[in-house]
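Chain by chain, the residues:
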Amino acid sequence: MIEIKNLTKRYGRGDGATTALDNVSLTFEDNKIYGLLGRNGAGKTTLLNVITGRIFADGGAALADGASTRENDTALGSIYLMSEKSGYPDNMRVREGLRWTATFYPEYDAAFADSLCRRFELDTKKRVKSLSTGYASIFKLIVALSSGAKHVLLDEPVLGLDANHRDLFYRVLLERYAEKPSTVVVSTHLVEEVSAVIEDVVIIKRGKLLLEQSRDELLASGYTVAGFADRVNAFAQGRRVIGEDALGGLKTAYIMGARPEVTPDGLELSRIDLQKLFVQLTND
Amino acid sequence: MKNMNLKASIRYQARYQLNSYAVFYGIVAVVYIVLSILFVMMTRRFGVTPGTMNMDSATVIFALCTGLAVFKENFTMLQQNGVSRRTMFWGRVAITVVASIGMALADALLHAIFKLVLNNTGLNTDTLFDMGYGAGLPASLAFYAAAYALAAGLGYFIAIVFYRLPKLWKVLVGAGVPILLFVVLPLVDVFLLRGKISDALEWTLKHILGVTGGAPNPIAPIVSFACLAVAMFALAWATLRKAAVVN
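Along every chain, residues carry numbers that run from 1 in the direction the sequence is written. By the order in which they are written, chains take letters starting at A while ligands take numbers starting at 1. For this predicted model, a pLDDT threshold of at least 70 governs which residues receive local features, and a threshold of 80 or more governs which side-chain atom pairs are given and counted, while totals over whole chains, interfaces and linings are taken from all residues. Computation of side-chain values covers all heavy atoms of the structure but excludes hydrogens and water.

Visitor: So what exactly am I meant to see when it comes to the interface of chain A and chain B here?
Guide: Interface size, as often reported, equals the accessible area lost upon joining of the parts. Whether two residues are in contact is decided by their heavy atoms, any of which lying within 4.5 Å being enough. Taken together, the contact between chain A and chain B spans 29 residues of the former and 30 residues of the latter. Put simply, buried area is the surface a 1.4 Å probe can reach on two separate parts but cannot reach once they are joined, added for both. Interface area for chain A against chain B, summed over the two sides, is near 2500 Å², with a carbon-plus-sulfur share of 52%. The largest share of the area that chain A buries against chain B comes from Glu-71, Asp-73 and Phe-104 of chain A, three residues that together contribute 30% of it. Any Lys or Arg side-chain nitrogen found within 4 Å of a carboxyl oxygen on Asp or Glu counts as a salt bridge. Our enumeration of links across chain A and chain B arrives at one salt bridge. Here Arg-85 of chain B and Glu-71 of chain A are joined by a salt bridge, their closest N and O atoms 3.1 Å apart. Here a polar contact is recorded for every N or O atom pair within 3.5 Å, except that within protein the pair must consist of a potential hydrogen donor and a potential acceptor, and residues adjacent in sequence are included only if both atoms are side-chain atoms. Taken together, the links from chain A to chain B amount to 13 residue pairs in polar contact (both at pLDDT 80 or more). Labels follow the DSSP assignment, with helices taken as runs of H or I lasting at least four residues and strands as runs of E lasting at least two, numbered in each case from the N terminus. Contributing elements (two or more residues each) for the side of chain A that touches chain B: α2 (73–77), β6 (79–82) and α3 (94–104) of chain A. Among the elements that take part in the side of chain A that touches chain B, α3 of chain A stands out by supplying five residues, more than any other. Residue polarity follows a fixed list, in which Ala, Val, Leu, Ile, Met, Phe, Trp, Tyr, Cys and Pro are nonpolar, Asp, Glu, Lys and Arg are charged, and the others, Gly among them, are polar. Per-class residue counts for the side of chain A that touches chain B are twelve nonpolar, eleven polar and six charged.

Visitor: Would you mind showing me how to read the environment of Leu-168 of chain B here?
Guide: Residue and element names in this part refer to chain B. Within the fold, Leu-168 resides in helix α8 (residues 167–192). Remark: exposure states derive from per-residue accessible area (1.4 Å probe, protein chains only) relative to the maximum for the residue type, with buried under 20%, exposed over 50%, and partly exposed in between. A residue is classified by how much of its surface remains accessible, and Leu-168, at 58% relative accessible area, is exposed. For the pair Leu-168 and Val-40, spaced 128 residues apart in sequence, the C-alpha to C-alpha distance is 51 Å.

Visitor: Please explain the packing of aromatic side chains as it appears in this structure.
Guide: Here a ring pair, both rings aromatic, is described through the centre-centre distance and the interplanar angle of the planes. A pair of aromatic rings is counted whenever rings of Phe, Tyr or Trp (Trp by its six-membered ring) have centres within 6.5 Å, and the orientation is called stacked for planes under 30 degrees apart, edge-to-face for over 60 and tilted otherwise. Counted according to the given criterion, the structure contains 27 aromatic pairs over all chains. Between Phe-89 of chain B and Trp-237 of chain B, the ring centres sit 5.3 Å apart and the planes meet at 45°, which makes this aromatic pair tilted. You can see Phe-89 of chain B sitting in helix α5 (residues 85–117) and its partner Trp-237 of chain B sitting in helix α10 (residues 219–240), a full 148 residues away along the chain. Each residue in the set Phe-71, Phe-75, Phe-89, Trp-90, Tyr-156, Tyr-163, Phe-233 and Trp-237 of chain B is aromatic and connected to the rest through ring pairs, giving one cluster. Over the ring of Phe-112 of chain A we find Arg-176 of chain A, and its NZ or CZ is 3.9 Å from the ring centre. Geometrically, a charge over a ring is one whose NZ (Lys) or CZ (Arg) sits within 6 Å of the ring centre while staying within 35 degrees of the ring normal. The ring of Tyr-12 of chain B is capped by Arg-15 of chain B, whose NZ or CZ atom sits 3.8 Å from the centre of that ring.

Visitor: Sorry, what's going on with the side chain of Asp-189 of chain B here?
Guide: All names here are of chain B. In this fold, Asp-189 is placed in helix α8. We note that Asp-189 is buried and unpaired, the nearest opposite charge coming from Lys-196 at a distance of 9.1 Å. If sequence neighbours within four positions are ignored, Asp-189 has contacts with Arg-194, Gly-195, Lys-196, Ile-197 and Ser-198. For the purpose of counting charges, residues Lys and Arg are taken to be positive, whereas Asp and Glu are taken to be negative. His and the chain ends are not included.

Visitor: How should I be thinking about the pattern of salt bridges in this particular structure?
Guide: Side-chain pairs of opposite charge can arise whenever the charged atoms involved come near each other. Residue and element names in this part refer to chain A. Enumeration over the complete set of coordinates arrives at 16 salt bridges over all chains. For Lys-150, the salt bridge is made with Asp-30, and the minimal N-O distance between the two is 3.8 Å. Within this pair, whereas Lys-150 is found in the loop between α5 (133–146) and β7 (151–155), its partner Asp-30 is found in the loop between β2 (18–28) and β3 (33–38), the two being separated by 120 residues in sequence. Lys-150 gets classed as partly exposed once you look at its relative accessible area, which sits at 35%. Among the residues examined, Asp-30 registers a relative accessible area of 35% and is labelled partly exposed. The closest approach of N and O atoms between Arg-171 and Asp-167, which form a salt bridge, is 3.4 Å.

Visitor: What should I look at first to understand helix α10 (residues 274–282) of chain A in this one?
Guide: Since the α-helix advances by 3.6 residues per turn, residues separated by three or four positions end up pointing in the same direction. For α10 of chain A, the set of buried residues is Leu-274, Leu-277, Phe-278, Gln-280, Leu-281 and Thr-282 of chain A. The N-cap of α10 of chain A, judged by a side-chain oxygen 3.1 Å from the amide nitrogen of Gln-275 of chain A a few residues on, is Asp-273 of chain A.

Structure, rendered in structure tokens:
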């Protein structure tokens, strides 16, 4: 379990300082897949970097199984962070990178890594620097998923991957999770894609925790109503509307609360999707 | 600190170092051979009296370079793989101690071989330590091991400082420190302080090297270099412990 307690991180000093994380507290429980969502600059990457001790918080703490991750090899060794920039030397060959990961992570699954290399058609003789953006992501994904770490954090895991590889990644993630459950945190912009694989949703907005909830609860907590604008407006009266889309005389409203059992005449009620909810919740 | 992580950290940080030592000593051996042949030819053909030949300073520069070159790549890789800064640091200290002793032994071995080969040529192959102190092999090994550890520590410290500095500061420090040390200070020393800085430097160096008068004291440089090496690594740790991974 990863606990984040009152984490605060600022960049810069004085008037120009930016607060990337503002007193964030949350928990990533064992054996769950989380979606860490937020707009650009929301603080997702900063949060993951602070958890793994790559950067230092100005306040608060990150704990892995109750132990601070700050300069703690045991706690850090229980986490693998796949980040946008790989820490592997550019001139290192892929197979060397895989071998070295096994040195640091005793639970590293070499057979699984080999099978993933074959499934993703990753050439292990290539040097890290010669991999395309997509294959660099695949290399990092294979290392992360094979590391055997108890907590796997994936920051923009499908960056540069084509649709086929993205699909394969989500399947592999679920297969691995079913076979060997672990805590997986997927930080991404591709909300709709990740929606099918995550169990819980964490949304960060401007460095603050906006929401921490199970995906199913979240999706059940709202609905969309669509129809002619005047009817939608009338229906929305007195309800908590988190956003609206209008096109000509038609309108769609995103409403939080229990969905009515009976659909009003001339309106269409439907389940809210995670991406729409995310957009409405994180819009300014 | 997990022992496994320390071992892995040492293994990783040492991975290319053995190769670089092999290359370096290969080059040193070639240089020794070429220079020896040249010296012997000059002596026989032109009757020129050969001078002194040793490669002590090359090893010091090499040790400095190993310290300078290894930081960034190791830091990002070890951070990527869940190794703390502390474990990485102690791994580097362990490698430096072993490598410094190893280089001192390798130097001594090479030196002994060439001394034997060039025995009758009149060429002076004594090391700087032999010439300055003449205190025997154990003291010579300790002297060079301490000197190499100091050079490696200095290189490591500089590498971490440069890693942490913003781009503009890298340029300012990279250009400013040499200008300050080799241009401004000598000018200030000569024109404003009437040699007080050079006097102080000379006094310090003499005490470090144990040549304050009478017979040179070989223990002084060994202890001084070892203490300075510890100080360099202490400074390196103070700089490293707050270093963030720069993406």
